[in-house]
Amino acid sequence: MSLEAFSQSEALTFGVELEMQLVNCYDYDLAPFSADLLRALKGAQHAGDIKPEITDSMIEISTGICHSHDQALAELTEMRDLMVRAAQTLNVGISGGGTHPFQQWSDRNISDSPRYQYISGLYGYLAKQFTVFGQHVHIGCPNADDALYLLHCMSRYIPHCIALAASSPFVQGVDTGFFSARLNSVAAFPMSGRAPFLLRWDDFIAYFNKMHGTGVIDSMKDFYWDIRPKPEFGTIEIRVMDTPLTIERAAAIAAFLQALARYLLQDRPFVPKEDDYLVYTFNRFEACRFGMDGEYVDPATGMRLALSEHLLHTLDVLAPHAAALGSGVALGDLSALVRNRGEDAAWIRAVEESSRSLPEVVRQMCGRWAGTPDA
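A count of helical and extended segments in the chain gives 14 helices and 13 strands. Against the globule reference of 21 Å for 375 residues, the chain gives a C-alpha radius of gyration of 20 Å, in line with a compact fold. Projected onto its principal axes, the C-alpha coordinates of the chain cover approximately 55 × 45 × 40 Å. For the chain, the proportion of its 375 residues judged to be buried stands at 58%. Put simply, of all contacts in the chain between residues at least 6 apart along the chain, 76% involve residues at least 24 apart. When the accessible surface of the chain is totalled, it reaches about 14800 Å², and 53% of it is carbon and sulfur. Side-chain charges of the chain comprise 30 positive and 46 negative groups, with the mean position of each set lying 2 Å from the other.

On to the environment of phenylalanine 189, then. With respect to the element layout, phenylalanine 189 can be found in the loop between α7 (182–186) and β8 (192–193). For phenylalanine 189, a relative accessible area of 3% translates into the label buried. Sequence-wise, phenylalanine 189 and glutamine 135 are 54 residues apart; in three dimensions their C-alpha atoms are separated by 18 Å.

Here the focus is the pattern of salt bridges. Within the structure shown, the criterion is met by 20 salt bridges. In this structure, the salt-bridge partner of aspartate 81 is arginine 80, at a minimum N-O distance of 2.6 Å. On the basis of relative accessible area, aspartate 81 is assigned to the partly exposed category, the value being 27%. The partner of arginine 200 in a salt bridge is aspartate 202, and the shortest N-O contact between them spans 3.6 Å. Since its relative accessible area comes to 44%, arginine 200 is described here as partly exposed. Linked through salt bridges whose partners overlap, the residues forming this network are Arg200, Asp202 and Asp203.

The rules behind these values
- Residues numbered from 1 in each chain as written.
- Predicted model: local features only at pLDDT ≥ 70, side-chain atom pairs only at ≥ 80, totals over all residues.
- Heavy atoms only, no water.
- Helix = DSSP H or I, 4+ residues; strand = E, 2+ residues; numbered from the N terminus.
- Rg over C-alpha atoms; globule rule 2.2 N^0.38 Å.
- Buried < 20%, exposed > 50% of the residue type's maximum accessible area, 1.4 Å probe, protein only.
- Contact = heavy atoms within 4.5 Å.
- Areas by Shrake-Rupley, 256 points an atom, 1.4 Å probe, with all protein chains shown as cover.
- Lys, Arg positive; Asp, Glu negative; His and termini not counted.
- Charge placed at Lys NZ, Arg CZ, Asp CG, Glu CD.
- Salt bridge = Lys/Arg side-chain N within 4 Å of Asp/Glu carboxyl O.

Listed below in structure tokens is the structure:
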């Protein structure tokens, strides 16, 4: 398969994808309800898409092409409400979060789609361990070269994205000490990590053809990079975020990325360099391990500071761009999140500490997703 042409898309449009957890309502473990839920939703009218994921205890929702934060939030709200009503008839819970706190990966069943069966055959048990849940955001790019420029400039903000969405402190019933343990599962795949440093689309095509010639990859779907180009959509796809516990936070993070893209494409504040990646893995780890309290090393200056401090500075820089896009309130909410250390991972730990019950944690996670946190 040759690499498809880079499609035309409207710059700064965006789409949001959220991978959701399906749980039973007696012990709140993951449960294989995706087919039942999709049948219950058959015929429902809504924007966006609702479809199965790699295991039958997961489901994905995705918006259409959005121009604004308000549009994305409205579409996510509509799908959320439809799913919650359908799930109640099945006695099923739906939850955000980057990992289920206590599920056992060996109990999972791989969905029967050809793509997921291929992944299972290729990666073995890693496919079941990939029962983790993320938010992906696509950003429309004016052309292919700008897509690569945006990809490499945005890479320095990967820790910011991780920290804002971090919601996976528990794995297999154990507090990992991480704010985002989900990305440790992604890192097990051989084509994960960062994209190669290429700034011209012709060079990227040559790279893709070489990789395809080795037989290692068949399509862009085989690259699990933190940010990857999606030529069929005319976008780049940012893939490092855990699924937040609420649609409001998911929409705000998408608005942050839209404003960040506007800043990078209009102001052109950086000239991307390969050396920018010298601190990439360190910064990424710090955000996964410590959230906003992690350390951040500026790729250009080498200055070290708290990630929370750099996040607040970044949000200040983005304020006029957010205002132009109509998302100033959403980014203000993210500023409050940073100042108050309101990460979803911290909330999950607090609920576990008070209840000493991971099933109770998941029950309350379902309530937050449904918009009924006190239920």
